[in-house]
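# Topology and contacts: notes
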Amino acid sequence: MTSVIDDVRILIGVPQYRETGDFPVERSYVWTMCASVENGNLLFWDGAVAAEITDGPIAPPPMLSVWFRPHHWAPGRTEQHLPLKVHFDLKERLGLPEAVMTDNTMVFYEPVRPGDVLSTHQILRSVSDEKKTKLGTGHFWVIDVEYTNQRDELVGVESYTGFGYRRPSDGGGEVAS
């Protein structure tokens, strides 16, 4: 008989939750984001500068996940769209009511350009054996979110390390003082 953790580990390396963005990358979103954080880099504002440096306009690399943030409302949507669904699946399957993200890194490849239509999927990379921390008892996991453009070129990978746990009061063990 296999354990729940063994069933979860079968998913390591398997792409899950493939989706394509609801709308193409557009400069107005880029300008709005840059204005909101007062990013005056001419690469994102001036077409001539962008043409000289990157062969045309690009989106700031950290905007990668913006193109997958669901609008509050969309016609025909019947379910809430959750980002990082693998994370929520792990919490549920392992019976871990609490979780925190302990690390997030991004690696960028091809630039994202206006007009690109991005696709994504999530890949579980690892799940630890049970660990006891000051937060409680649970498991660490690493999830990659890979992004490609309409030409199937890799544009970026976000890696998240999370810790799902049960607090001591939920049967998670004693906390060291």
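Check the entry above for the structure.
This structure is a prediction, so every number in the text was calculated from the model and none was measured. (Residues numbered from 1 in each chain as written. Predicted model: local features only at pLDDT ≥ 70, side-chain atom pairs only at ≥ 80, totals over all residues. Heavy atoms only, no water.)

### Some points on the pattern of salt bridges
For clarity, the cut-off: Salt bridges are defined by distance alone: a side-chain nitrogen of Lys or Arg within 4 Å of a carboxyl oxygen of Asp or Glu. A run of H or I in DSSP counts as a helix once it spans at least four residues, and a run of E counts as a strand once it spans at least two, with each numbered from the N terminus. Only protein chains enter the area calculation, which uses a 1.4 Å probe; residues under 20% of their type maximum are buried, those over 50% are exposed, and those in between are partly exposed.
Going through the model one piece at a time under the given rule, you end up with nine salt bridges. The closest approach of N and O atoms between Arg125 and Asp144, which form a salt bridge, is 2.9 Å. In this pair, Arg125 is assigned in strand β3 (residues 119-127) and Asp144 in strand β5 (residues 137-148), connecting sequence segments 19 residues apart. Here Glu130 makes a salt bridge to Arg166, at a shortest N to O gap of 3.1 Å. Of the two residues, Glu130 is situated in the loop between β3 and β4 (131-132) and Arg166 in strand β6 (residues 154-166); the sequence distance between them amounts to 36 residues. Overall, Glu130 belongs to the partly exposed group, its relative accessible area being 48%.

### Focus on the nonpolar core
Put simply, the rule reads: Nonpolar cores are built from buried Ala, Val, Leu, Ile, Met, Phe, Trp, Tyr and Cys residues. Side-chain atoms within 4.5 Å join them into one set. Contact between two residues is taken to exist if any of their heavy atoms lie within 4.5 Å; hydrogens are not considered.
Judged by nonpolar contacts, the single largest core of 31 residues is most densely connected at Trp67, Leu90, Val112, Leu118, Leu124 and Trp141. Listed by contribution, the elements that provide at least two residues to this core are α1 (4-9), α2 (27-36), α3 (42-45), α5 (85-94), β3, β5 and β6. For this core, the element with the most residues is β5, which contributes four residues. Not counting residues up to four positions away in its chain, the partners in contact with Leu124 are Val8, Leu11, Ile12, Gly13, Val86, Leu90, Trp141, Val142 and Ile143.

### As for the packing of aromatic side chains
Aromatic ring pairs are defined here through the distance separating the ring centres and the angle between the ring planes. Note the cut-off: Between the rings of Phe, Tyr and Trp (Trp by its six-membered ring), a pair exists once the centres lie within 6.5 Å; its type follows the angle of the planes, with under 30 degrees stacked, over 60 edge-to-face, and the other angles tilted.
If you walk through the whole model with that rule in mind, you get seven aromatic pairs. For the pair Phe23 and Trp67, a centre-to-centre distance of 6.2 Å together with 70 degrees between the ring planes defines the contact as edge-to-face. A residue pair is termed long-range when its members are at least 10 positions apart, and Phe23 in the loop between β1 (15-20) and α2 and Trp67 in the loop between α4 (47-54) and α5 qualify at 44 residues. Judged on exposure class, the residue Phe23 and its partner Trp67 are both buried. Here a set of aromatic residues connected by ring pairs shows up, and it is made of Phe23, Tyr29 and Trp67.

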